[in-house]
Amino acid sequence: MSEIDDDRLTKHGLALERANGRILLIACGALAREILDLKAMNGWTHLDLTCLPAKLHLYPEKITDEVRKAVARHRDDYDRIFVVYADCGTGGLLQAACAQMDVEMIAGPHCYSFFEGNDRFATLAETEITTFYLTDFLVRQFDAFIIKPMGLDRHPELRDMYFANYEKLVYQAQTDDPELTRKAQACAERLGLPFERRLTGYGDLEATMKRL
């Protein structure tokens, strides 16, 4: 596997290098590192991975069609395809499309939920509706996914208007990386929010992959 580059994952995703396994994971580029780490740690050679561009999260209305295309492109080469997207702002359309294609997908409304653990996140959500979440990937790609799309690079004065109703930033750490933690703290400072770090690990992503 060639070196993983976050900018490339954001813009282009991750191409399938070769069909070795029996099961293909079609995932969001924002999950590529975590899935590859889990594959390597557990020796899951029966799983292959291809990722769509992470930037699709900025245009969730496009996710379902892109997943459909990816399934059609690879279906004949695998015994089974599994979609590693949660609902991700598709309003149930992705789940309906997967059901129509007879393809399974990971449970949850978004990656923040399945990293925390869907059951735990559902409980926390009742008291954390004013929380802004970041994952390892979003900390590394903070400018590309937060600052630039919101126009804060051009109009920093808009920050307090955008984030006036948020009470804290929670960094869901998949890895115990002091440098990423420092970056996450800097992200919270840039947004003017109190900072909290939770070492969630891989949450329900790992549990789901174990069952494949």
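Not measured: the values here are computed from a predicted model.

**Focus on the pattern of salt bridges**
Piece 1. With the rule as written, the count across this model stands at 15 salt bridges.
Piece 2. Across the pair D153 and R154 runs a salt bridge whose closest N-O atoms are separated by 3.4 Å.
Piece 3. Among the residues examined, D153 registers a relative accessible area of 41% and is labelled partly exposed.
Piece 4. In this structure, R198 and E196 form a salt bridge, with 2.9 Å as the shortest nitrogen-oxygen distance.
Piece 5. The class of R198 is buried, set by a relative accessible area of 10%.
Piece 6. Each of E116, R120, E128, K168, E196 and R198 takes part in a single network of salt bridges with overlapping partners.

**Observations regarding the packing of aromatic side chains**
Piece 1. As enumerated under the stated definition, the model contains seven aromatic pairs in all.
Piece 2. Among the aromatic residues, those joined into a cluster by ring pairs are Y112, F121 and Y133.
Piece 3. The ring of Y59 has K62 lying over it, and the distance from NZ or CZ to the ring centre is 4.8 Å.

**Let's talk about the sheet that holds strand 5 (residues 131–134)**
Piece 1. The three strands lie next to each other as 5-6-7, forming an open sheet whose pairing is parallel. The strands lining the two open edges of the sheet, one partner per strand, are strand 5 and strand 7 (195–199). Direction aside, the axes of adjacent strands within the sheet are offset by 25 degrees on average.
Piece 2. Of the pairings in the sheet, the one linking strand 6 (residues 168–173) to strand 7 comprises five bridges and is parallel in character. Note on strand 7: the bridge partner recorded for V170 is E196.

**Things to note about the nonpolar core**
Piece 1. By size, the foremost hydrophobic cluster in this structure holds 68 residues, and its most contacted members are L25, I35, Y85 and L205.
Piece 2. Considering each element in turn, this core owes the most residues, six residues, to strand 1 (residues 23–28).
Piece 3. Apart from residues lying up to four places away in sequence, Y85 is in contact with I26, A27, C28, L52, P53, L56, H57, I63, V67, L94, M105 and I106.

**Details of helix 4 (residues 93–101)**
It helps to recall that an α-helix has 3.6 residues per turn; residues three or four apart then point in one direction.
Piece 1. Buried residues of helix 4: L94, A97, C98 and M101, and no others. In a view along the axis of helix 4, the buried residues occupy a sector of 100 degrees, so they form one face of it. For helix 4, exposure combined with an orientation more than 90 degrees from the buried face picks out Q95, A99 and Q100.
Piece 2. Of the surrounding secondary structure, the elements contacted by the buried residues of helix 4 are helix 3 (63–74), strand 3 (80–84) and strand 4 (104–105).
Piece 3. Of the residues trailing helix 4, D102 is marked for its positive phi of about 60 degrees.

**Considerations on the sheet that holds strand 3**
Piece 1. Taken together, four strands build an open sheet; the order of strands is 2-1-3-4 and the sheet is parallel. Of all the strands in the sheet, the pair left with one neighbour each is strand 2 (47–52) and strand 4.
Piece 2. The pairing of strand 3 with strand 4 spans two bridges and is parallel. When the bridges of strand 4 are listed, F82 appears paired with E104.
Piece 3. Strands in contact with helix 3 are strand 1, strand 2 and strand 3; relative to strand 2, the strand with the most contacts, it is inclined by about 140 degrees.

**Considerations on the environment of I4**
Piece 1. Considering the arrangement of structural elements, one finds I4 in the segment before helix 1 (6–11).
Piece 2. Under the relative-accessibility criterion, I4 is labelled buried at 16%.
Piece 3. In this structure I4 touches L9, L14, R33 and L36, once residues within four positions along its chain are discounted.

Basis of the calculations
Numbering of residues starts from 1 in each chain and follows the order in which that chain's sequence is written. Owing to the predicted nature of the model, reporting of local features is limited to residues with pLDDT of at least 70; listing and counting of side-chain atom pairs is limited to 80 or more, with chain, interface and lining totals taken over all residues. The basis for every side-chain value is the complete set of heavy atoms in the structure, and neither hydrogens nor water enter the calculation. Salt bridge, as used here, is a side-chain nitrogen of Lys or Arg placed within 4 Å of a carboxyl oxygen of Asp or Glu. Note on classification: 1.4 Å probe, protein chains only; a residue is buried when its accessible area is under 20% of the maximum for its type, exposed when over 50%, partly exposed between these limits. Centres within 6.5 Å are what make two rings of Phe, Tyr or Trp a pair, Trp counting through its six-membered ring; a difference in plane orientation under 30 degrees is then read as stacked, over 60 as edge-to-face, and the rest as tilted. Two limits define a charge over a ring: the Lys NZ or Arg CZ must be within 6 Å of the ring centre, and within 35 degrees of the ring normal. In this analysis, strands are considered paired if DSSP registers two or more bridges between them. Secondary structure elements are taken from DSSP: a helix is a run of H or I of four residues or more, a strand is a run of E of two residues or more, and numbering for both begins at the N terminus. Note on method: axes are straight lines fitted to C-alpha atoms, helices fitted across the in-contact stretch only, with angles between N-to-C directions ranging 0 to 180 degrees. Here, nonpolar core refers to any group of buried Ala, Val, Leu, Ile, Met, Phe, Trp, Tyr and Cys residues whose side-chain atoms link them within 4.5 Å. Between two residues, a contact is recorded if the distance between any of their heavy atoms is within 4.5 Å. Here the arc refers to the directions that run from the helix axis out to each C-beta atom.

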